[in-house]
Every structure is written in structure tokens, then in C-alpha cells.
Amino acid sequence: MFRAAFRQFLDKEVVPHAEEWERAGITDREMYLKAGVAGFLGFNAPEEHGGSGVDDFRYNQVTAEEIQLAGVNAAATGIGLHNDVCLPYFLHAATEDQKARWLPGICAGTSITAIAMTEPGIGSDLAGMATTAIRDGDHYVVNGSKTFITNGIHADLVVTAVKTDPGQRHKGMSLLVLERGMEGFERGRNLDKIGMHAQDTAELFFTDVQVPVENLLGEEGQGFTWLVRNLPQERLNIAMAAVAAARAAFGWTLEYCKERTAFGQPIGSFQNSRFRLAEMATEIEIGQTFVDRCVMALNAGELTAEEAAMAKWWATDLQGRVVDAGVQLHGGYGYMEEYPIARAFADARVTRIYGGTNEIMKEIIGRSLGV
Ligand SMILES: Cc1cc2nc3c(=O)[nH]c(=O)nc-3n(C[C@H](O)[C@H](O)[C@H](O)COP(=O)(O)OP(=O)(O)OC[C@H]3O[C@@H](n4cnc5c(N)ncnc54)[C@H](O)[C@@H]3O)c2cc1C
């Protein structure tokens, strides 16, 4: 029922606008308000704060899958980021006062969230970040900048990784919530990407922003610990979406292979096409099985950083292979924007990069092997 209801929401409120939002380079904020009213935002949050009290990541998985199958990846990715990636910081690192302040808006869609770690000078090497937050009485003074921030234009609440002790690496990191309208908090360009056009991705600039100490998430110096705690869930979100994106691409390709003819026969009937489709179908099932296992492990509180890293790199690599083969099997039409496989191809490239690059995922796994 949840799957059908969410798909109905996408078909009514997102699919009809997706093209227009792709051209505009951003979705309409209204989408979040409508998702909030329909109960699709912050459903993991407690009921007293506007959520549904759902503590089962399979619901998040259903939303990730339906977004891909509806072909509205870029338009609706912000919902996944809001629910799966940002919300955990507000659920687990926030005090009761902070929850009462922020969760109702997050669940209603009036407060859109983002998480800002990456800076122009650093991405993979997070502990090398340069944005500082220096305590001055009852507030922090924040200076620095962030880049590539998903929901960066729309975001009202930005979980921002800062250095409260610039002399330290990991131990000097803290998380501050920067709010829309704070003086000295400016947004840069909505970045021009090769795919994911409807998803706003922006630079953020901080010049002497006075952030009240009440906006500190978790304890000072514990920022890196919170990131380590929550990043496996972020990576699983990417993996779930990647397998679903591969499944959607496979479906479009299979259909095309049945319809398109060459040399008097459907192109799917050539042995090369049939074998390629068979490989895709097999790999998707294998990927799905592992991702499903990781979702159950997350629900049980047992998902390790290494398993999440395995899921992230393998599922996104799979997505890359499937969309590439899908374009090839579509021939020239696969290169045309009007075919969903073309957009899926352009959108897919980033999943091997964001959420920690696939090389960093292999570092995490490799280190655990003692090598
Ligand atoms: C569309 C998009 C959305 C994004 N959304 C967000 C967001 O919402 N919030 C956020 O904070 N960030 C976001 N990012 C940033 C993303 O997480 C980073 O781009 C990514 O972590 C890589 O960092 P980097 O770009 O600085 O690359 P670098 O760290 O400079 O890496 C460059 C290359 O070097 C390799 N490399 C680096 N270190 C090692 C190593 N130790 N071993 C092996 N290889 C290595 C990398 O794998 C990569 O191939 C987004 C990026 C994009 C493109």
C-alpha cells in the first residue's frame, strides 16, 4: 500500500513536472510541501514531532525504488537526501529542544535539509576541511565555503561540518546547523552538471556567520564520529537507488529490444543482445539480494561501514555497466535526451563519485582486511 501510494504521489506531483524542472535546473519547492502533506517526509521521525514513527528502512527503500522506476531520479532525489541522509542527524544527534524546533518543519516540507561536508579544496580527505567555527560567547563565528551541496539552493537547514578546533584533524570537527537567512550565509551558483539537472547542487559561502551554540548538533569535537555513524546509511541509500536505477534502465532496454527490428528481426533476438540482457538481469538480482540484506542489517542496527561501502561501490558500478549497455542496445536513440535511457546514463555517472568515491569505499574495505 505504501509503494502504491508513493507511486501515485510521484505520478501526480512529480512526473508531469519533471521535464520542466530538468530544464529549470531545479524542482519546485511545492514538491516538498506536497510530499510533507502526503506523509512522505520524515516518516521515520516520532509522531509527536510530525513523523509516523516508522523505524524500518524498507520504507525508504521503497521510495528510492519508485523514484527510479518512475524515471524521475533527478527531480525526486532531494526527497531521499532529506529522509535518508539528513534526517538521521536530527533524529540521533539532536537534543530534545532541537528536535522540537526542527523536526515538525522537516516532516511538513517547510524546512528542506542538506548536508555540507565537501569544500572546494577537499572532498575525500574530510578531516582536512578548512571551514572554521570559533566559539565567541553564546555563538560560533563561521567562516569558509562548501561546494557540490545537494539541495543547496532549496535548503533551509544545512547540517554543516566545521572545524571548531582548526589545529586538529578528525577530533577538531563539529556539526552546526546553519539556517536560511543567517547574516553572512550566502549561496553561490546552482551548479551546471552533466546530469541530474532537476537536482539543485550549489556552493555555499560563510562570512562571519554568527551561529548560536543552540545549533550545535551533538557535542563539540564529535562531528566526525557522527559522520562515521551516519555515512553507512547514506551509502546504502545510494546503493538502493543504484540497483533500482539499473532495474529501470534494464526495463526500458528490454522493451526497446523487443520493439526495434534490424535485418528483419527484433534486435533483442540477436545472440549478443540476448546474452547482454541475460547478464544484466542476473547482475541486478545479485545486487538486489545484497542490498536487501544490508537493509535488514541496518534495521537490526548491524550494518557495518565495510558492508555499506561494498554495497555502494558494487551497486553503483553495476548501475554504470547497465546504463552503458542500455545506451548501446538503443543505438543512436540511446544518445537522445528524449529517451529515458539517455538521461539515466548521464545521471548515473555521479553515483560512483558522491557519498564517498568508489576508491574510498575500497579503501574502507581494504583497511578492514588488514592490508
Ligand atoms: C552532484 C553531486 C552532489 C554532491 N552532493 C554532496 C552533498 O550533498 N554534500 C557534500 O558534502 N558533498 C556532496 N558532493 C561531493 C562529493 O561527495 C565529492 O565530490 C566526493 O566525495 C569526492 O570528493 P572530491 O570531488 O573533492 O574529489 P577528490 O577527493 O579530490 O578525489 C579525486 C579523485 O582522487 C581519488 N582519491 C582521493 N583520495 C584517494 C585515496 N586515498 N585513495 C585512492 N583514491 C583517492 C578519488 O577517488 C577521485 O577519483 C556531491 C558531488 C556531486 C558531484
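What this report covers is the structure whose coordinates are included nearby. Remember, predicted model here, so these are calculated numbers, not experimental data.

1. Things to note about the site of the ligand
- Neighbouring the ligand are 18 residues, the closest being Thr-118, Ser-124, Thr-150, Thr-357 and Glu-359.
- Separating an oxygen atom of the ligand from a backbone N or O atom of Met-117 is a distance of 2.8 Å.
- Ser-124 is positioned with one of its side-chain polar atoms (N or O) 2.6 Å from an oxygen atom of the ligand.
- For the ligand, the protein covers 64% of the area, taking 980 Å² as the surface of the free molecule.
- For the shell around the ligand, the elements supplying multiple residues, two or more each, are β1 (113-116), β3 (139-150) and α11 (358-368).
- A total of three residues in the shell around the ligand trace back to one element, the largest contributor, which is β3.
- Across the shell around the ligand, the residue classes tally to ten nonpolar, six polar and two charged.

2. Side note on the environment of Thr-289
- Within the fold, Thr-289 resides in helix α8 (residues 271-299).
- A sequence separation of 221 residues divides Thr-289 from Gln-68, and the C-alpha atoms of the two residues are 18 Å apart.

3. Comments concerning the pairing of strand β7 (residues 201-212)
- Where β3 meets β7, nine bridges bridge the pair, whose relative direction is antiparallel. Note that in β7 the partner of Gly-144 across the bridge is Phe-206.
- Across four bridges, the pairing between strand β6 (residues 185-190) and β7 is antiparallel. Residue Glu-186 lies in a different strand from β7, and its bridge partner there is Phe-205.

Criteria and cut-off values
- Residues numbered from 1 in each chain as written.
- Predicted model: local features only at pLDDT ≥ 70, side-chain atom pairs only at ≥ 80, totals over all residues.
- Heavy atoms only, no water.
- Near = heavy atom within 4 Å.
- Polar contact = N/O pair within 3.5 Å; in protein donor to acceptor, adjacent residues only side chain to side chain.
- Areas by Shrake-Rupley, 256 points an atom, 1.4 Å probe, with all protein chains shown as cover.
- Helix = DSSP H or I, 4+ residues; strand = E, 2+ residues; numbered from the N terminus.
- Nonpolar A, V, L, I, M, F, W, Y, C, P; charged D, E, K, R; others polar.
- Pairing = 2+ DSSP bridges.

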